[in-house]
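Reading the structure
So the chains spell out like this:
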Number of protein chains: 2
Amino acid sequence: MNKNAFRQLSYGVYVVSTWDNGRATGCTANSAMQITSEPATIAISINHDNYTNKCIQDTGKFAISILGEHSDPGIIGIFGFKSGKDHNKFDETESVIRGYLPVVADACAYVVCDVIDRMETTTHTVFLGQVVDADVLKQDDPMTYAYYHKVIKGKSPKNAPTYIAEEQPCAETAAGAKYVCGICGYIYDGDTPFEELPDDFVCPVCKQPKSVFVKQ
Amino acid sequence: MNKNAFRQLSYGVYVVSTWDNGRATGCTANSAMQITSEPATIAISINHDNYTNKCIQDTGKFAISILGEHSDPGIIGIFGFKSGKDHNKFDETESVIRGYLPVVADACAYVVCDVIDRMETTTHTVFLGQVVDADVLKQDDPMTYAYYHKVIKGKSPKNAPTYIAEEQPCAETAAGAKYVCGICGYIYDGDTPFEELPDDFVCPVCKQPKSVFVKQ
């Protein structure tokens, strides 16, 4: 079996959010698909280890913020590489309330759902949500997972189904040695040599400091 | 609720196939997502009205042929706009057998699954399949649903969840009046005026004859 075949499946980049006892929380996800048209339902897949999973089970509601190519890629890091259990992710991201749920303001569109069914697997829950609200927030091409990999040069968190252990960044930087973020895998490719970046430089994807970058 | 928000979800373009009493059959689909990593499972969504749905229920197996940007777009029409009940779709498409299932030879990758669970909705079945075989067939960028719409200029069959009734083609042809395939919605945009095309011209997406095109 060649697992590289799985990488040819196409995905978007989303933030799935809900409430945790009145506190907004969420996580980055790439797995969402519309199932029925009228009434509209959408299925999402969330790892059991994501704190958002428990919160969706508790509230019976979730929102999908659909990121666009011009959405701040830092959002992916905030929601993808930290746990919402002990981190207020929405403190770092402008949000709006839509359909009574927190939505990322910088997304290009959102969908709010009531959970009506679910399917359990060994590591993930597939939630089926009936859409109760949806709208376009700004004109933008939706960010695909391929765009995130190729243009933003990010990689998968370890609890994403699309994570492949041997995944290796391969782009070359034009400015000398290659530096890779040890947290999210972002490959620095700016014009300024990495060594000359200011000390307060942070990874544009996961917002971790310069010190976590690894020379390769 | 603004259903245009749903269009910002990202999808690929796939042929889901299986056996019908020894006869290969299948349908075009855009809804597939990996759920777990080890063992790998993938969820697909198939309309109850698709004959392939019944055949997957009978065999407990399905293959996903992942189309690439250079796959013949005619495959989408063959598998998307005709019923496998009374049409041998694989007679018109070169196939290979992988993991004991028929796979489209012109796809860029394939995944073969055993059904291990399912979730029913009003119109669609979400099948959860455990991967038993997968491989890359050729180097190509996977075709996204957005690419199919923007570049190939096709639209959704009526039983796809992404079908929107008011969907209207909007591209202009450089060669005079606009002609749209009445079956699949493909908009002719060749350099030769449509009226001057040979009588044996067929829609490149659904392979229907020139006579089904409508002047708009």
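What you are looking at is a predicted structure, and each value in this text was computed from that prediction instead of being measured.

**Quick notes on the interface of chain B and chain A**
How big an interface is tends to be stated in terms of the accessible area lost upon association of its parts. With 45 residues of chain B in contact, the opposing surface of chain A contributes 45 residues. Contributions of two or more residues to the side of chain B that touches chain A are made by strand 3 (32-37), strand 4 (40-47), strand 8 (109-120) and strand 9 (124-136) of chain B. Considering each element in turn, the side of chain B that touches chain A owes the most residues, eight residues, to strand 9 of chain B.

**Looking at the relation of the copies chain B and chain A**
Both copies of the chain are related by one operation, a rotation about an axis with a shift along it. Superposing chain B onto chain A takes a rotation of 180° combined with a translation of 0.0 Å along the rotation axis, leaving an RMSD of 0.0 Å. Both chain copies can therefore be described as sitting about a two-fold axis. Proximity to the rotation axis, assessed at the C-alpha, singles out Tyr11 of chain B in chain B; its C-alpha lies 2.9 Å from the axis. Of the interface residues in chain B, 100% have counterparts in chain A that sit at the interface too, so the contact is made through matching surfaces.

**Considerations on helix 1 (residues 51-59) of chain B**
Residues and elements named next belong to chain B. For helix 1, the complete set of buried residues consists of Tyr51, Thr52, Asn53, Cys55 and Ile56. If you follow the buried residues of helix 1, they end up packed against strand 1 (14-20), strand 2 (23-29), strand 4, strand 5 (61-66), strand 8 and strand 9. Backbone geometry just after helix 1 places Gly60 at a positive phi near 70°.

**Considerations on the sheet that holds strand 5 (residues 61-66) of chain A**
All names here are of chain A. Ordered by their spatial adjacency, seven strands build an open sheet running 2-1-5-8-9-4-3, and the pairing between neighbours is antiparallel. Bordering the open sheet on either side are strand 2 (23-29) and strand 3 (32-37), each of which pairs with just one other strand. The sheet shows a mean angle of 35° between the axes of neighbouring strands, taken without regard to direction. In the sheet, strand 1 (residues 14-20) pairs with strand 2 via seven bridges, with the strands oriented antiparallel. Bridge pairing in strand 2 links Trp19 to Ala24. Running over the sheet, helix 1 (residues 51-59) touches strand 1, strand 2, strand 4 (40-47), strand 5, strand 8 (109-120) and strand 9 (124-136) and is turned about 55° from strand 1.

What counts, and where the lines are drawn
Residues numbered from 1 in each chain as written. Chains lettered and ligands numbered in written order. Predicted model: local features only at pLDDT ≥ 70, side-chain atom pairs only at ≥ 80, totals over all residues. Contact = placed C-beta atoms within 7 Å. Helix = DSSP H or I, 4+ residues; strand = E, 2+ residues; numbered from the N terminus. Least-squares fit on C-alpha atoms with pLDDT ≥ 70 in both. Buried ≥ 20, exposed ≤ 12 C-beta atoms within 10 Å, placed from the backbone. Pairing = 2+ DSSP bridges. Axes fitted to C-alpha atoms, helices over the stretch in contact; angles between N-to-C directions.

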